[in-house]
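Overview (structure and organization)
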Amino acid sequence: MSSPKRTVLITGCSEGGLGEEIAKQYHAKGLRVFATARRPESMKSLKALGVEIFALDVTNTESISALKAQIEELTGGSLDILVNNAGVPSTSAAVDASIDDVRKLYEVNVFAVMAMVKAFVSLLIASGDGCVVNIGSLSAITPLPFGSIYGSSKAALASYSDVLRIELAPFGVRVLVVLAGNVRSNIGGHYLPMPENSIYKPIEPEFRYNRLDHFHDGAPDRKPVVADIVRESLRRKPRAWLWVGKNWLVVWLISTFFSRTAFDSIMSKKFGLSKLALILRSRKAKTA
């Protein structure tokens with residue numbers, strides 16, 4: 001008798017995103033793939049390939065419980081890999097961010113991951129070789145201007161994952177955190193412009209250039225990045241952190257060998273904050 005296919009459940013698989021490509025590559029390797037998104041119609045390309053698709057709202061406990069029951073029945077009570085990919089971005093200065101929007105972002109980027117792990121951990125343990133893959137970001141390490149909300153959620157995810165790795169090790173469940181730099185996908189379409197009342201209005205051109213119009217310049221395609229992720233997750237002993245995407249090596253070098261403030265001057269100059277300081281000093285001098 002042939003061995004049953006290994007199984008993988010992936011969140012956030014809408015067309016054009018990283019999750020869609022992750023599902024395609026696991027499918028190509030012969031795994032049984034369960035792809036999820038809030039709207040099943042956004043996964044038509046995966047359905048056409050034979051991938052099994054499911055509606056899932058990762059912020060809804062009942063939706064997660066219903067999916068667990070389906071997966072449990074389909075697999076006989078086990079799951080080999082859980083990929084927590086669903087996430088939402090935020091491009092806003094820390095003091096410009098709507099707290100309601102911040103809470104909504106954390107619901108998806110942090111709390112939903114915790115809820116998914118809690119729901120599916122018994123199935124991962126039952127597989128005998130389970131693996132949790134949490135898709136994080138280099139912004140967890142890099143103090144990226146106008147990205148503090150998103151970055152802080154990914155920093156929380158990295159910290160959670162590090163402890164989860166230790167706690168689940170006795171049960172044979174591995175945990176892999178992906179620290180992803182920019183990758184060409186549809187995530188860029190969600191960014192919002194600077195608010196009209198922002199105190200950073202004098203450097204709006206720099207904000208637009210670096211965070212909206214050209215943020216993804218030079219970013220690699222999804223396929224090779226996802227290939228690294230899939231390959232690492234299938235290893236018996238995956239790395240704790242997998243660095244991928246644009247600028248990962250630069251960020252790794254600076255964060256490993258220099259102080260935390262080594263990023264400050266680089267980011268201030270790139271995103272116009274050094275220019276803003278000069279503008280504000282000039283205004284103060286004129287009114288003195």
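Residues numbered from 1 in each chain as written. Predicted model: local features only at pLDDT ≥ 70, side-chain atom pairs only at ≥ 80, totals over all residues. Heavy atoms only, no water.

As recorded in an unreviewed UniProt entry, the protein chain goes by NADPH-dependent 1-acyldihydroxyacetone phosphate reductase and comes from Steccherinum ochraceum.

1. Some words on a nonpolar patch on the surface
Nonpolar side chains collect at one region of the surface, where Trp248, Leu249, Trp252, Leu253, Phe257 and Phe258 lie side by side and expose about 610 Å² of accessible area between them. Mapped onto the secondary structure, Leu253 falls in helix H8 (residues 248-257). In this structure Leu253 comes out as partly exposed when scored by relative accessible area, which is 35%. (Patch = residues over 30% accessible without salt bridge, like charges linked within 9 Å, V, L, I, M, F, W, Y side chains within 5 Å. Areas by Shrake-Rupley, 256 points an atom, 1.4 Å probe, with all protein chains shown as cover. Salt bridge = Lys/Arg side-chain N within 4 Å of Asp/Glu carboxyl O. Helix = DSSP H or I, 4+ residues; strand = E, 2+ residues; numbered from the N terminus. Buried < 20%, exposed > 50% of the residue type's maximum accessible area, 1.4 Å probe, protein only.)

2. Some remarks on the packing of aromatic side chains
Inspection of every chain in the model, using the stated rule, returns six aromatic pairs. Ring centres of Phe34 and Phe54 lie 5.9 Å apart, and the angle between their planes is 70°; this geometry places the pair in the edge-to-face category. Taken as a pair, Phe34 in strand S2 (residues 32-37) and Phe54 in strand S3 (residues 52-55) lie far apart in primary sequence, 20 residues in all. Take Phe34 and Phe54: they sit in the same class, and that class is buried. Arranged with centres 5.0 Å apart and planes meeting at 75°, the rings of Phe146 and Phe207 form a pair that is edge-to-face. Within this pair, whereas Phe146 is found in the loop between strand S5 (131-135) and helix H5 (148-168), its partner Phe207 is found in helix H6 (residues 204-213), the two being separated by 61 residues in sequence. Accessibility assignment for this pair places Phe146 and Phe207 in one class, buried. Among the aromatic residues, those joined into a ring-pair cluster are Phe146, Tyr200 and Phe207. A cation sits over an aromatic face here: Arg211 above Phe215, 4.3 Å from the ring centre. The side chain of Lys270 reaches across the aromatic face of Phe271, ending 5.8 Å from its centre. (Phe/Tyr/Trp six-rings, centres within 6.5 Å; stacked < 30°, edge-to-face > 60°. Lys NZ or Arg CZ within 6 Å of the ring centre and 35° of its normal.)

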